Every structure is written in structure tokens, then in C-alpha cells.
Amino acid sequence: MKIMKFGGTSVGKPDRMHQVAQLITKDDSEPVIVVLSALSGTTNSLVAIGEAMAAGSRDQAKELIDKLEAHYQSFIKELVKTDKAYAKARSIVSEHFEFLNIILKISFSEALSKDILAQGELLSTKLFSVYLEEKGIDHMLLPALEFMTIDAQDEPQLSTIKVKLSRILQQNSNKKLFITQGYICRNSRGEVDNLKRGGSDYTASLVAAAVNASVCEIWTDIDGMHNNDPRIVKKTVPVEQLSFEEAAELAYFGAKILHPTCIWPAQQQKVPVKLLNTMQPEALGTTITQEAGSVGVKAVAAKDGIIVINIKSSRMLLAYGFLRKIFEVFEKYRTSIDMITTSEVAVSVTIDHGGNLTAIVKELEPFGTITTEDNHTIISVVGNEIAQTKHILSKLFEALTPIPVRMVSYGGSKHNVSMLVPSSYKTQTLQLLNKGLFGLE
């Protein structure tokens, strides 16, 4: 069984949805589960509707709902051709926007917010199903809310997902094409919820692991993972093959095409992941497998919004258990540390969000003098066994001569060398590395 996931831009226009239908029916050698995101822009609109309701701005929420409904009414006119299919599509749009209009009269809550956000994926999959039906393509709509579950810590329950999904597939063994929603799930209380980090990519990877798929294809609007950020650097090239470890490093340190959480489920079951381009389906894209394929530098990624926390203490630094006590503070506030450096009298760590910064600093103050610095970026150079690659450090630092590098992490992973730079130097750093490491300008 093959998993094919299509993002918001891949289904964001009627003609692109038509193209998706062609892609998923091109090869009928094995059953396919298609995971769809909401139409591009929809989730942002639904978030805005929820925010307006939370702020008590019902009139603003109503305006946003009407605007979004008008977009869907235009969308379905181009999506389907027959009167019968159009009537079905119009009925689906009316049903979901009637729900959104009804909740305008209900007291806003966190649970209601999740119901609002779920409408995007429910709409995209139902409308796509109507189009497939019009084209005479046999398929089944597979509701994600019947099998995708998370626990009290918001973590997916892979074993439960596997049992529930296997049962549904066995009951419908005569079908070869299934359409399901990405992003949405049920939580431990049985309420509608979502996978947050990783969204629809996470759904695809979890489904791939649950059914032990032959491959998990992630279709976006870019032809694979590139060696650098194509939005910042003029000339980049797609990376043909990455190991799961390399891909996870790149995703964690800023490569936007894939969220780091999405690697783990596929890696557990050794399901290859392919990153492909809906707009250029013939492009090779990037294949992620157990094997790296080659050694040396593969790509560079940048992670913004980094905050540095400095702890200076000549009195306690070398004391037994000092670092453990520091880490316990971050654990208490469920805040991950990206980089750490130590000297004789100081420890510096980085975090990627400041939601609990004030509380963390207050709890660290008994250990010494605490200072913080924001507006930093982690630049990560990723590749197989680059820690053992000859001349990698000399090339790296020669390229970055003009850059005020604040911290360096080297040796913690055989796949990664990371540097912390002021965010104002991010563009220049990526451009210099593109030239110095890949010979591209």
C-alpha cells in the first residue's frame, strides 16, 4: 500500500485538484491512501475566525465566514462540470458553513476552536470525493476522526491507530483508493483535535507506519529538499537522497518542507519517504531512507527566533549536579534546548521560543548572573558523517570569515555542525555557505 499526501497549494485551485486525481490514479499496482490538507489559505482563515470569536468580535467573525464561503462557492463551480456533482458539492459547502454560522451563537471555548479548524480538511476531502465520483473513479472516504488519536500529552497513539485503521481497511478490502484528512484527530477525551506540529505530513507518516506502506509520498510545490533555502539563495539544487537522520536534522533546524516529527513514524517501520513536486511530477525529488547514499555535506538549514540564555557563576559551575539542576528548570517548563556551550565560569544555552522565558530566568537566578540575547539564528550544515569529512571545518570557517559566529556545536552528531549567528547575518551566512561548500552563487 502506498501513501500519497498533498499539501494546501497542491489542492488550492480546482485545476490542481484535477491534477491530483490524475497523479493518484496513474499507477494502480497497489492500493493507495491519499492524505489531503485544507485548501491553501483556509486554515489561516479559520484561525482568524476563531480569534475574532475569542475576542468577542462576532461581526468580524461573520465577515470572515462569508468571505471564505464565497471562495468555496467559486471553487466548486470550476471543480465539477455536471449538475448532479455541483449540487452535491454545494450541499457540502452549505453544510459546513451552516455549522460555522451556528457556532457564532455559542460561547467560545478551546474545544470549539478545534472544531472550527477541522472544517478545512473535512471540506477539501469531501469536495475531492465528489470530483472523483463525477469522474467515475472508485474510492472510499476514510474519516481520520475514526482512527487518528492522540493521548493526554498530545502524542499520537501509533498502536491504537494501527489497530483501528487495519480494521477499517479489512472491512473495505474491495477498495483500492482511500481519501482521508490530514492534521485532524481525536484527543484522549474523544473530542476533535489536531496534530499541531507537522500537521498533514505527520498524518501521512503515521498512516504509512500503521499500514507498513511501501512508500510515503509527500507532494508539495517544490521538487524535494534543497541544499539551501531557495527563498534566500538564488541558486540551489534538490538533494536526491537523505538518511532519516539527515532529514530529521534538516527538518529540526529549519528546512520548511518537512516537520521533524514526521520523520520518526516512517523511520520506525523503515518506510521510504519521497518529497515530490505536484507542479513538476516528473522531477526526481528527494528520497529519504535508512541509507544516506553518500558521505559529505548535503544541505544547509536555518532556524530563526533563537534566544540565548547565559548563566555566569564562578561559584557553582564546577559543582557536582550543577548542569542537571539547570536542565531541570527547562524540563519543568517543557522547553527544549537546541545548543549548549560551557566554559570555566559560564554556560550558554539556546531555546527556540520565549513563551516561558521570564519564568525560566527567574528560576535560574539563584545559580548566577543571567543574561539573555534574542534575534539569533541557528545555521546547520547537515550531511552523512561530516564530522569525519576531511577539511569540512576549514572550508566552513573560511567561508564564514566575515560572520560574527556566536556559538558552535560540533561532535554531538555525526550528521551536523551548527552555528549560532545574529539573525541580521542569516542571509549573508547562507549565501557564503552556498558558495564555500557547494560552489553555487
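Structural data are supplied above this passage.
Figured I'd write up the structure that's included with this text. Quick caveat, the model's predicted, so the values are computed rather than measured.

Definitions and limits used
Residues numbered from 1 in each chain as written. Predicted model: local features only at pLDDT ≥ 70, side-chain atom pairs only at ≥ 80, totals over all residues. Heavy atoms only, no water. Helix = DSSP H or I, 4+ residues; strand = E, 2+ residues; numbered from the N terminus. Expected span 1.5 Å × (residues − 1). Buried < 20%, exposed > 50% of the residue type's maximum accessible area, 1.4 Å probe, protein only. Arc of directions from axis to C-beta. Contact = heavy atoms within 4.5 Å. Pairing = 2+ DSSP bridges. Axes fitted to C-alpha atoms, helices over the stretch in contact; angles between N-to-C directions. Salt bridge = Lys/Arg side-chain N within 4 Å of Asp/Glu carboxyl O.

What follows deals with helix α2 (residues 42–54). An α-helical turn contains 3.6 residues, so any two residues separated by three or four positions project in the same direction. Along its 13 residues, α2 runs 18 Å from first to last C-alpha, staying within 8% of the 18 Å computed at 1.5 Å per residue. For α2, every residue scored as buried is listed here: Thr42, Leu46, Ile49, Gly50, Ala52 and Met53. The arc that holds every buried residue of α2, seen down its axis, measures 160°, which confines them to one face. Exposed residues pointing more than 90 degrees away from the buried face of α2 are listed as Asn44, Glu51 and Ala54. Check the buried side of α2 and you find it contacts α3 (58–79), α4 (83–102) and α5 (110–134). Gly56 sits one or two residues past α2 and shows a positive phi near 80°.

This part is about the sheet that holds strand β14 (residues 369–384). Read from one edge to the other, the open sheet built from six strands follows the order β12-β13-β11-β14-β16-β15, with strand pairing classed as antiparallel. The strands lining the two open edges of the sheet, one partner per strand, are β12 (340–342) and β15 (407–410). Across this sheet, the average inter-strand angle for adjacent strands is 25°, counted without regard to direction. Along the sheet face, helix α11 (residues 357–364) touches β11 (296–312), β13 (346–351) and β14 and points at about 60° away from the line of β11. Its contacts with the sheet put helix α12 (residues 392–399) on β11, β14, β15 and β16 (416–422), and the angle it makes with β16 is roughly 15°.

For the rest of this paragraph, the subject is the pattern of salt bridges. On inspection of all chains with the given rule, the structure shows 19 salt bridges. Among the ionic pairs, Lys196 bridges to Asp154, the shortest N-O distance being 3.9 Å. Of this pair, Lys196 sits in the loop between β6 (192–194) and α7 (199–210) while Asp154 sits in the loop between β3 (140–142) and α6 (158–171), and the two are 42 residues apart along the sequence. For Lys196, a relative accessible area of 37% puts it in the partly exposed group. The exposure class assigned to Asp154 is partly exposed, which follows from its relative accessible area of 33%. For Lys332, the salt bridge goes to Glu363, with nearest N and O atoms at 2.5 Å. You can see Lys332 sitting in helix α10 (residues 322–332) and its partner Glu363 sitting in helix α11, a full 31 residues away along the chain. What makes Lys332 exposed here is its relative accessible area of 54%.

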